[in-house]
Amino acid sequence: MRRTALAALCLAAVATAGLTGCAGEDRANSTSSDSAGQSTAEDRKSSRKPQEEPFAGLTGGEIADRAREATTGAPSLRMKGDVPDEESGGTLHLDMALNKQGECAGTLGKDGEGEAELIKTGDTLYMKYDEAFLRAQGEGGPEADAAVALLAGKWTKMSLKSADAEEMAGFCDLDQVLGDLEEGRSEATRGKTTTVDGTPAITLEEREGEDRFTLYVATEGEPYLLRVDSTSAADPGSLTFTDYGEPVPARTPTGHVLDLDSLG
């Protein structure tokens, strides 16, 4: 599993769109009073000003510029969803919190091939694999049986000096994950307003050749990307982005941790 595989949707769609976020939305309401100083429901309804349009007067590309600046400036976030795995042609499932200090905590899995928990803190990478994950990696046989007996359900650790740990740690560096967001003009067009998990948002529609992407951008608070959906035939999938600025729960596992470096 490669960083580009895990982040294919995020980095191909979002970076292509040059977008990640959105600006705040102002709302104005007013009421009128009747001759006795008491407002009726009908009076209030008729006198209420219409809700202002998010990003009034801005094009999709201009919204994208604001969005890019906000998201790349976020100190931490959480990514969750399904993206294509370029190596196997399958689908990766991820739920990962990460920050700009290179810390992360979450899970990675693949269709029918189990799941692994991952934590990176300091210069150490911790992982815990379930049996299905180990058997899929070992492709069955005696080696898979041995790996299951040794590792299944147990926390392991590796120094970042190892090549395997360094590659996996690429999932954990927020600067690296967001590093492919490119400066440049976006051709995104404005879409409808909606909500994502209760948060007001505006959609932007982006295309790159035959590929189509929909990006959901918060219209209240900081201009963050909330979700990106790809209907691309080559890279279909969806990712949600939450917990901006929240601490990453990257804590050293308690209890016995198997040191893979000592096993060679």
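Up top is the structure.
Note that this is a predicted model, so its numbers are computed, not measured.

1. Brief notes about the environment of Asp-65
The topology assignment puts Asp-65 in helix H4 (residues 60–72). Note on Asp-65: relative accessible area 36%, which makes it partly exposed. When the C-alpha positions of Asp-65 and Ser-186 are compared, they lie 8.1 Å apart, and in sequence the two are 121 residues distant.

2. Focus: the state of the cysteines
Inspection of every chain in the model, using the stated rule, returns one disulfide. What pairs with Cys-104 in a disulfide is Cys-172, and their sulfur atoms sit 2.0 Å apart. With Cys-104 in strand E3 (residues 104–110) and Cys-172 in the loop between helix H7 (163–169) and helix H8 (174–178), this pair connects stretches of sequence that are 68 residues apart. Since its relative accessible area comes to 0%, Cys-172 is described here as buried.

3. Description of the pairing of strand E5 (residues 124–129)
Along any regular strand, the residues point their side chains to alternate faces of the sheet. For E5, the buried fraction is high: five of the six residues fall into the buried class. Bridge count for strand E4 (residues 115–121) against E5 is six bridges, and the pairing is antiparallel. Residue Lys-120 lies in a different strand from E5, and its bridge partner there is Leu-125. Turn length for the E4-E5 hairpin, with the two strands adjacent in sequence and antiparallel, is two residues, and the turn residue Gly-122 shows positive phi of about 60 degrees. Inspection of the sheet shows E5 paired to strand E6 (residues 155–159) by five bridges, in the antiparallel sense. Note that in E6 the partner of Leu-125 across the bridge is Met-158.

Calculation criteria
Residues numbered from 1 in each chain as written. Predicted model: local features only at pLDDT ≥ 70, side-chain atom pairs only at ≥ 80, totals over all residues. Heavy atoms only, no water. Helix = DSSP H or I, 4+ residues; strand = E, 2+ residues; numbered from the N terminus. Buried < 20%, exposed > 50% of the residue type's maximum accessible area, 1.4 Å probe, protein only. Disulfide = S-S within 2.5 Å. Pairing = 2+ DSSP bridges.

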